[in-house]
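Structural description and commentary
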4 protein chains.
Amino acid sequence: MSSFGPRVEVAVARLRDDIARLHSELTRNGLVVWTAGNVSGRVPGADLFVIKPSGVDYADLAPENMILCDLDGNVIPDTPGSDRSPSSDTAAHAYVYRHMPEVGGVVHTHSTYATAWAARGEAIPCVITAMADEFGGPVPVGTFAIIGDDTIGRGIVDALTGHRSRAVLMQNHGPFTIGKDARDAVKAAVMVEDVARTVHIARQGGELIPLPQAAIDSLFNRYQNVYGQAPQGALK
Amino acid sequence: MSSFGPRVEVAVARLRDDIARLHSELTRNGLVVWTAGNVSGRVPGADLFVIKPSGVDYADLAPENMILCDLDGNVIPDTPGSDRSPSSDTAAHAYVYRHMPEVGGVVHTHSTYATAWAARGEAIPCVITAMADEFGGPVPVGTFAIIGDDTIGRGIVDALTGHRSRAVLMQNHGPFTIGKDARDAVKAAVMVEDVARTVHIARQGGELIPLPQAAIDSLFNRYQNVYGQAPQGALK
Amino acid sequence: MSSFGPRVEVAVARLRDDIARLHSELTRNGLVVWTAGNVSGRVPGADLFVIKPSGVDYADLAPENMILCDLDGNVIPDTPGSDRSPSSDTAAHAYVYRHMPEVGGVVHTHSTYATAWAARGEAIPCVITAMADEFGGPVPVGTFAIIGDDTIGRGIVDALTGHRSRAVLMQNHGPFTIGKDARDAVKAAVMVEDVARTVHIARQGGELIPLPQAAIDSLFNRYQNVYGQAPQGALK
Amino acid sequence: MSSFGPRVEVAVARLRDDIARLHSELTRNGLVVWTAGNVSGRVPGADLFVIKPSGVDYADLAPENMILCDLDGNVIPDTPGSDRSPSSDTAAHAYVYRHMPEVGGVVHTHSTYATAWAARGEAIPCVITAMADEFGGPVPVGTFAIIGDDTIGRGIVDALTGHRSRAVLMQNHGPFTIGKDARDAVKAAVMVEDVARTVHIARQGGELIPLPQAAIDSLFNRYQNVYGQAPQGALK
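Quick summary incoming for the structure in this document. (Residues numbered from 1 in each chain as written. Chains lettered and ligands numbered in written order. Predicted model: local features only at pLDDT ≥ 70, side-chain atom pairs only at ≥ 80, totals over all residues. Heavy atoms only, no water.)

**Observations concerning the arrangement of the chains**
The two units chain A and chain C never meet; even their closest C-alpha atoms stay 11 Å apart. With no contact formed, the shortest span from any C-alpha in chain B to any C-alpha in chain D equals 11 Å. (Contact = heavy atoms within 4.5 Å.)

**Side note on the interface of chain A and chain B**
Contact residues are listed per partner, giving 30 residues for chain A and 29 residues for chain B. Each partner contributes to the roughly 2,600 Å² buried at the junction of chain A and chain B, and carbon and sulfur atoms together form 60% of this total. Across the chain A-chain B interface, the total number found is 1 salt bridge. The shortest N-O distance in the salt bridge between A:Arg183 and B:Asp57 comes to 2.9 Å. Secondary-structure elements contributing two or more residues to the side of chain A that touches chain B are α4 (129-135), α6 (182-204) and α7 (213-225) of chain A. In terms of residue count, the dominant contributor to the side of chain A that touches chain B is α6(A) (11 residues). In terms of residue class, the side of chain A that touches chain B is made up of 15 nonpolar, 8 polar and 7 charged. (Buried area = accessible area lost by both parts, 1.4 Å probe. Salt bridge = Lys/Arg side-chain N within 4 Å of Asp/Glu carboxyl O. Helix = DSSP H or I, 4+ residues; strand = E, 2+ residues; numbered from the N terminus. Nonpolar A, V, L, I, M, F, W, Y, C, P; charged D, E, K, R; others polar.)

**Overview of the relation of the copies chain A and chain B**
With an RMSD of 0.0 Å, the operation that places chain A on chain B is a rotation of 90° combined with a shift of 0.0 Å along the axis. Taken together, the rotation and translation describe the operation of a four-fold axis. For chain A, the minimum C-alpha distance to the rotation axis belongs to A:Gln204 and amounts to 5.5 Å. A share of only 3% of interface residues in chain A that are also interface residues in chain B marks the association as one of differing surfaces. (Least-squares fit on C-alpha atoms with pLDDT ≥ 70 in both.)

**Points about the interface of chain D and chain C**
Contacts between the two partners involve 29 residues from chain D and, on the opposite side, 30 residues from chain C. The junction of chain D with chain C conceals about 2,600 Å² of combined surface from both sides, 60% of it contributed by carbon and sulfur atoms. Taken as a group, D:Trp34, D:Arg120 and D:Asn172 account for 28% of the area that chain D buries against chain C, more than any other trio of residues on that side. The tally of links between chain D and chain C comes to 1 salt bridge. At the surface where chain D touches chain C, the tally comes to 7 residue pairs in polar contact (both at pLDDT 80 or more). Sorting the residues of the side of chain D that touches chain C by element identifies α3 (112-119) and α6 (182-204) of chain D as the ones contributing at least two each. For the side of chain D that touches chain C, the element with the highest residue contribution is α3(D), accounting for 5 residues. Residue composition of the side of chain D that touches chain C, grouped by class: 10 nonpolar, 14 polar and 5 charged. (Polar contact = N/O pair within 3.5 Å; in protein donor to acceptor, adjacent residues only side chain to side chain.)

**Some words on the sheet that holds strand β6 (residues 167-170) of chain D**
Strand-to-strand pairing in sheets goes through backbone hydrogen bonds, with the strands running parallel or antiparallel. All names here are of chain D. Reading across the sheet, the 7 strands line up as β3-β2-β1-β4-β7-β6-β5 and stay open at both edges, with mixed pairing between neighbours. The open sheet has two edge strands with one neighbour each: β3 (67-70) and β5 (141-142). Bridging between strand β4 (residues 105-108) and strand β7 (residues 174-179) involves 4 bridges; their strand directions are antiparallel. Residue pairing for β7: His108 is matched across the bridge by Phe176. (Pairing = 2+ DSSP bridges.)

**Brief notes about helix α1 (residues 6-28) of chain C**
Residue and element names in this part refer to chain C. Between the first and last C-alpha of α1 there are 34 Å, a value that for 23 residues agrees with the 33 Å anticipated at 1.5 Å per step. Among all positions in α1, only Val8, Ala11, Val12, Leu15, Arg16, Ile19, Ala20, Leu22, His23, Glu25 and Leu26 are buried. Check the buried side of α1 and you find it contacts β1 (38-42), β2 (48-51), β3 (67-70), β4 (105-108) and α6 (182-204). Backbone geometry just downstream of α1 places Gly30 in the positive-phi region, at approximately 70°. (Expected span 1.5 Å × (residues − 1). Buried < 20%, exposed > 50% of the residue type's maximum accessible area, 1.4 Å probe, protein only.)

**Looking at the pairing of strand β4 (residues 105-108) of chain A**
Residues and elements named next belong to chain A. Of the two faces of β4, both are covered, the one formed by Gly105 and Val107 as well as the one formed by Val106 and His108. Bridge count for strand β1 (residues 38-42) against β4 is 4 bridges, and the pairing is antiparallel. Following the sheet pairing, Gly41 is matched in β4 by Gly105.

See the structure below:
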């Protein structure tokens, strides 16, 4: 067992629990099939993150088989789960953590409706108030990139840097979401599929009514500051 | 603990149970994701209503964290749950209770198909008998309104006053439903999504056959008076 | 307690169990919301059938609140459940039992896709082998009829008499299915929604390939005689 | 009880468990209704396979009622389950095992979206990376064939021999999938429905962006060799 000091060890242990448990939100919300999809979370106060192993059944995910990585995506040896391969999207998660220090969680799925917009390379227009609340405008598209090097990570960071949206539709691929922590990124993954579905269905039925920009701004600002028991939404 | 006398205290306690439990109907029927959606109920015999806290997980909703409000939407201090913020839609619920004394329950969701009609600002035409039974005609659209003052509440009341429908599609936002009590408003929320979905899918496949007005009237009147073990439907 | 002799009483008791339990197949297969939908079964060897009470929660259905009726749809007094109103569709079920002696079960739902075809008054074309197996051709449309007299029952009987299909789409209303017993009619209700959904989605994507009539005949005949552990399908 | 020697008997017993359990993946993933669909697996080291009985409820499937067949599809007498009829698709499964020695599992469903493409006789274009990973290109269509002789089996083998895809859409019928074992074929059945749904919905919304062939090749090759804890995908 490598040692990062007791404070970090406690944070890693808690994060292993969180990440294992948060994967069940992906299945419960119908965002993934089989072993697809992955959630990661940054270890507070350390250059480390915890991510799911590659190609393992959702029913078999447990804190002890979550994998601890450094911010280059290398597995930390001699830690629980380090005998397995991490998610094949680990390089993309690592790139985001290296380049967006405000991000504490990353999620990737192939959820149906968000991936459908991605297959057309089309941003989701902001026509419902829930979308203005959550994403503050349209959900953008990231450039097409092949897995295996930094191009996916770079595509995510380019699309989301300076953007209100915590979700990006990687072209021909699917959604990646970020958040202040892993749970917040999972929420964004749930919400991006929800708005992708609603706006798709709305447009199948006829012409959409745009939301005025002033209304979008007002809704987004309120949601950041008023909704819930504590402030929500965009990363500060 | 504030005191409204034993009769009201008993009614509040029972209503806390009902409101907490009825939220599970929203998830069971697939009307909400994450923490979206809210149910409230008027306290019989008092100028009070009970509503969900803002931004709390559905799994964590319990009678003791439901929030008691007066009809201006102010939280009653020193009551269970009063340390939390009520639903961000509380002002709209309060407005309805103030202006529609026959209403005993209000529900708001962003359910997919009803919200899709709302994103086009299009009323749902009455082309199936279940819709004539339940809503007595088309489901109307309410004017676009920004959260934060009385405009949403006023939009609901304007659309539903003197209308058979217990559901309104607030433009670019989603459905609000009313009922003689909270359970009746939840039923309307379930049914409006069901008819929104069926009529959307029907129209995707070709031209709809309108229901004759006389048939709609006959179905609605029968359903009010004959269906079930007791009269149903529109508020008297 | 009325008495029909011990043989009939045993058959009624068994049927109450079956009918209560079969309603859970309607919810499990997503065919109904709230209290919609109903299943009935003919009592073997007697001019009686058992049906669901009107407007009662699916969770509260139990053998002892199923309702025993004669073939005119009258509740048999002083039997379990006879203090409640039977399903508002009881007259239609009774009409079918009176006029189609080979029918042992009737089911009615407002399942989404079947009702969508009904809202256009359009028969489902037979373009998939599962549909040829189960229904032996297109699923027909029944004439529009208002609840409250024999017009719905007559519409069902007119559409299904001499037809291979055990399902009919009552125009602007929804599907009714029949079977050799209640379970067989529930199967037909599940399958008609399945084919209604598949054929709707298929046609949204482009032109359908028709099945040759000889192939439909061959599939239907095989399925009647070979499939399963005992013969299936159309009523003999 | 016939005897194939202790090694084969152990393999058969394990396979009965697997096949019974894998059927629950079909229902859990929403690929089948009622008794439709079937999974089989080849017995390692013997000219035998295990398949589901015909027309039996999913809830009643258990290791001891799975049926052992030879590669001509004949039931092996005096083995558990041999008093029942095997799946009506047994001849097609047997044909695949006889002609594709690398195949260890076969699955057939009428899953909604895959069957919708089949009803149009249209291959699913490869426009999302998950599809390139899993199927290495478009999912092909097999020629229309009537159940009852070798034409279905031949259609499957003709379409999949020398093809990267482990799934074929039999025209007007539905998907068949193959795999290195039964679990791998079930994975292909889950994934083909997932991509059939996503690509259908994507195309309803507008024009799809094709994936470059070089990207498809790269994704497929990586997925075969890198993804998961062991190599995945196409049969070697």
